[in-house]
Amino acid sequence: MDKKNIDELLLYCLSKETDKAMAERLAQLSPSDWECLIQQSVRHWVAPLLYQRLNALDTATTIPADIAQRLREIYLQCALKNSLLYRELAKVLGTLHDNNIPVIALKGIHLAEVVYGNIALRPMSDVDILVKKSDLTRVEEKLRGAGYALMTYRKYNKAWLEKYNCHFIFTPLIKSGANGGRLYLEVHWHVQRPDSPFKLDVDYFFERAQPVTIAGIAVLALSPEDLLLHLCINSVKDRFSLGLRAFCDISETIWHYQGRIDWEQLQKRVSQWGARKPVYLIFCLARKLLGAGVPDDVLDALKPDGFDPRVETWAREHIFDKHESPPITTSNLSLWRLKRFRDKVRFFITRVFPHPKNMEILYSVPANSRRIYLYYPAHLKILLRNHGKSAWRLLRRDKKAMAKARRVNNLADWMESS
């Protein structure tokens, strides 16, 4: 069976709709087809959910025993990993709660326990929480006291992260069992980077937040409307890198909060945030791919004037692309989008040989120190490791790389246009 048919069956399994013809196709899968289905579910980060849905579809008798066992093992591995993660998370949330620091649980930790209702169904690679920027100093102090350290990863130090990013990452000084031995705790003071085109007011998030219990600790969660919009914008920011998981999150959120979502308020916030295009695109895809319960009148109201249907095609192709390594990164794409040769040369020079003041921010070395020049070879090595292969594929006009870059470029142009 070809990849397109496998993708269609995966979508059927993940949706809550029933279809006799699709169920019959599922029952006729060969062992190799089942293997492809599992591989796709793993790539899209939805294998545990597939396991649950297959059991609910009552197709267990048609699944080869070894395939069924593999899916069950993936499900149990996710359950174990998340259990360890939530156990460590309880210590963090408990520390902040005991010190009267308001915390909003973001993304996976909220979705897995509250929306999905089963922490084994939502794979996570890290933990995200939102705090008020005015509380950052206290948060860092309390986390250090609880045995956590601020992580200055790659070439970025704390000053760079605070100026150009929207979160710090903390890890326990003593390794736990979570996430391969270490919990990565992302402490956000905003949900978008400073250069984001979307106008989100985090203060209002706290005003509209609702009380929930996560890992046995009383915390806050985004209102259903803010949660949906945050998921939409985050999936666009990630360039659909997590495949179908983002759309499952949206579909499950709408189902969980059915009857409690104020769609009129949601539309007002879309306008206030300047996020009409991405929200329409994500809602449209979530409904078409998984049957997400977005009302017709909401989609009609959000649809941009003169919407080009090719945008949806570009997005679908990118979602179901194999995402070969190395990926086409934002930096590679920026170089590729430049038309004039001298602009490409200027971009390359500024990336490889940044101004000493920029090197000071990146590597915590005084700009007026001669030592700063010793860091340029290391900087070049990092660039080559992270971007060299994909940049070279674009420069030599590799067909697959060019097609992917053109698709991402088209999507970016549409998102950024007024």
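Above this text you will find the structure in question.
Reading the values: the criteria
Residues numbered from 1 in each chain as written. Predicted model: local features only at pLDDT ≥ 70, side-chain atom pairs only at ≥ 80, totals over all residues. Heavy atoms only, no water. Pairing = 2+ DSSP bridges. Helix = DSSP H or I, 4+ residues; strand = E, 2+ residues; numbered from the N terminus. Axes fitted to C-alpha atoms, helices over the stretch in contact; angles between N-to-C directions. Patch = residues over 30% accessible without salt bridge, like charges linked within 9 Å, V, L, I, M, F, W, Y side chains within 5 Å. Areas by Shrake-Rupley, 256 points an atom, 1.4 Å probe, with all protein chains shown as cover. Salt bridge = Lys/Arg side-chain N within 4 Å of Asp/Glu carboxyl O. Buried < 20%, exposed > 50% of the residue type's maximum accessible area, 1.4 Å probe, protein only. Parallel < 35°, antiparallel > 145°, perpendicular 65-115°, else oblique. Contact = heavy atoms within 4.5 Å. Nonpolar A, V, L, I, M, F, W, Y, C, P; charged D, E, K, R; others polar. Core = buried A, V, L, I, M, F, W, Y, C linked by side-chain atoms within 4.5 Å. Phe/Tyr/Trp six-rings, centres within 6.5 Å; stacked < 30°, edge-to-face > 60°.

Engineer: Residue-level account of the sheet that holds strand 5 (residues 185-188), with values.
Structural biologist: Spatial strand order, 3-4-5-2-1-7-6: 7 strands in an open sheet with mixed pairing. Each edge of the open sheet is held by one strand with a lone partner, namely strand 3 (148-151) and strand 6 (210-214). Averaged over all pairs of adjacent strands, the angle between their axes in this sheet comes to 40°, without regard to strand direction. As paired strands, strand 1 (residues 104-106) and strand 7 (residues 217-221) are joined by 2 bridges and run parallel to one another. Bridging across to strand 7, isoleucine 104 finds its partner in leucine 220.

Engineer: I'd like to hear about a nonpolar patch on the surface, residue by residue, with values.
Structural biologist: A cluster of nonpolar side chains, Val345, Phe348, Ile349 and Phe353, forms an exposed patch at the surface whose accessible area comes to about 380 Å². Inspection of the secondary structure assignment puts phenylalanine 353 in the loop between helix 17 (341-352) and helix 18 (356-363). Given the relative accessible area of 52%, phenylalanine 353 is considered exposed.

Engineer: I'd like to hear about the packing of helix 3 (residues 31-43) against helix 4 (residues 47-56), residue by residue, with values.
Structural biologist: Taken N-terminus to C-terminus, the directions of helix 3 and helix 4 make an angle of 130°; their axes are 7 Å apart at the nearest point. If you check the angle between helix 3 and helix 4, you find them oblique. Along its contact with helix 3, which presents Trp34, Leu37, Ser41 and Val42, the element helix 4 presents Ala47, Leu50 and Leu54. Its residues assigned to classes, the contact of helix 3 with helix 4 shows 6 nonpolar, 1 polar and no charged.

Engineer: Explain the nonpolar core to me, using residue names and the numbers behind them.
Structural biologist: Generally speaking, a soluble globular protein has its nonpolar side chains buried in company with each other. Counting 117 residues, the largest nonpolar core has Ile109, Ile129, Ile214 and Phe283 as its most contacted members. Residue contributions to this core peak at 11 residues, all from helix 5 (residues 65-98). If near-sequence neighbours (up to four positions away) are discounted, isoleucine 109 is found in contact with Leu85, Tyr86, Leu89, Met124, Val127, Asp128, Ile129 and Ile214. Counting 6 residues, the second largest nonpolar core, distinct from the first, contains Met359, Tyr363, Val365 and Tyr376.

Engineer: How would you sum up the packing of aromatic side chains? Please name residues and give values.
Structural biologist: Going through the model one piece at a time under the given rule, you end up with 7 aromatic pairs. Residues tyrosine 51 and tyrosine 75 carry aromatic rings whose centres are separated by 4.8 Å and whose planes lie at 35° to one another, so their mutual orientation is tilted. Linking tyrosine 51 in helix 4 with tyrosine 75 in helix 5, this pair joins segments that are 24 residues apart in sequence. Classification of tyrosine 51 as buried rests on a relative accessible area of 18%.

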